[in-house]
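Per-entry structural report
Chain by chain, the residues:
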Amino acid sequence: MTSPRADARSLTGVSETALLTLKVRATEAARDDRIIDDPVAVDLVDAIDFDFAKFGFVGRQDMALRALAFDKQTRRYLRDHPAATVVALAEGLQTSFYRLDNGDVGHEFRWHTVDLPPITALREKLLPPSERVTVSAQSALDYSWMDAVDASEGVFITAEGLLMYLQPTEAMGLITECARRFPGGQLMFDLPPYWFAWWARKGLLRPSLRYKVPPMPFSLSVAAAADLVNTVPGVRAAHDVPMPTGRGSVLNALLWAAHRLPLLDPVRPVLTRLEFG
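For the structure given in this document, a descriptive report is provided here. Owing to the predicted nature of the structure, the values given are computational and were not obtained by experimental measurement. (Residues numbered from 1 in each chain as written. Predicted model: local features only at pLDDT ≥ 70, side-chain atom pairs only at ≥ 80, totals over all residues. Heavy atoms only, no water.)

Here we look at the pairing of strand β3 (residues 85-89)
Of all five residues that make up β3, five are buried, and the element is covered over most of its length. Covered by surrounding structure in β3 are T85, V87 and L89 together with V86 and A88, the residues of both alternating faces. In terms of handedness, the path from β3 via helix α4 (residues 96-101) over to strand β4 (residues 110-115) forms a crossover that is right-handed. Sheet analysis places β3 next to strand β6 (residues 155-159), joined by four bridges and oriented parallel. Bridging across to β6, T85 finds its partner in V155. (Buried < 20%, exposed > 50% of the residue type's maximum accessible area, 1.4 Å probe, protein only. Helix = DSSP H or I, 4+ residues; strand = E, 2+ residues; numbered from the N terminus. Right-handed = clockwise from strand over helix to strand, strands pointing away. Pairing = 2+ DSSP bridges.)

Shown next, in the form of structure tokens:
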């Protein structure tokens, strides 16, 4: 007997974007020429009751490439700190833990999910359980989640698809508090370029007639992200992370040029890894 699908139709606003990123990633993972191996994401889409068609065209690589970039940097940290804790802020329906656990970094690392109760309830119902995964069912802006993180073996914090939806003071406050609380740890985040965030704030980003991307109050230029080493106490290094290779020579040429030509810095997304001192 087939189990009933989990109802996700009540998710709205920023929480609903978790379903969009899941669908885009799962669509890519289901291709024969996939750039990301993510069977858990494919299974999740099949297990969720939601009108994914409202998102319009989802045959795109951007969210899979972003996930691969976060995976690569997380894996890099775990190779040096194999028993570290990875904290996934506003994790949504990301499946990073399962991709990394099936990789080459061993099985000592621990995982801490931080997200709102409707999302964590979905994750608990649908995802394979692990004794190495703990959950804080709350906003990332409620800093009490930090008290539940064991930082003794190192901490790598991911804010994948989060900071752009926060107010500037909230986003900078979160970065600052992470730097203060987790010396020796690292934080990775992504942000859209200013023009993209402006379109979202004006309600102009509509992948379909039935879906509008939520407003994005926060963005940083590539230069401003690099300057966090000077503006945020406790940040000792800021790294501009390149996007991994995708599918298609034209796309890869654009990615190569965007990361290496300073002229394109104002129009490309920000992908930054911070080291805390």
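What to know about the packing of helix α1 (residues 13-29) against helix α2 (residues 39-47)
At a minimum axis distance of 8 Å, the contact between α1 and α2 shows a crossing angle of 120 degrees. Between α1 and α2, the crossing angle belongs to the class labelled oblique. The two elements α1 and α2 meet at a crossing, and its hand is left-handed. Where α1 abuts α2, its residues L22, K23, R25, A26 and A29 lie against A41, V42, L44 and V45. Classifying every residue of the contact of α1 with α2 gives seven nonpolar, no polar and two charged. (Axes fitted to C-alpha atoms, helices over the stretch in contact; angles between N-to-C directions. Parallel < 35°, antiparallel > 145°, perpendicular 65-115°, else oblique. Left-handed = near helix turned anticlockwise from the far one by under 90°. Contact = heavy atoms within 4.5 Å. Nonpolar A, V, L, I, M, F, W, Y, C, P; charged D, E, K, R; others polar.)

Quick word on the pattern of salt bridges
Under the definition given, this model contains 25 salt bridges. R210 is paired through a salt bridge with D51; the nearest N and O atoms lie 2.6 Å apart. Of the two residues, R210 is situated in the loop between α7 (194-201) and α8 (222-226) and D51 in the loop between β2 (48-49) and α3 (62-80); the sequence distance between them amounts to 159 residues. Taking the relative accessible area as the measure of exposure, R210 reaches 49% and is therefore partly exposed. A salt bridge links D104 to R79; its shortest N-O distance comes to 2.7 Å. Residue D104 is located in the loop between α4 and β4, and its partner R79 is located in helix α3; the two are separated by 25 residues in the primary sequence. You can call D104 exposed: its relative accessible area is 52%. One continuous salt-bridge network, built from bridges that share partners, spans R5, D7, R9 and D49. (Salt bridge = Lys/Arg side-chain N within 4 Å of Asp/Glu carboxyl O.)

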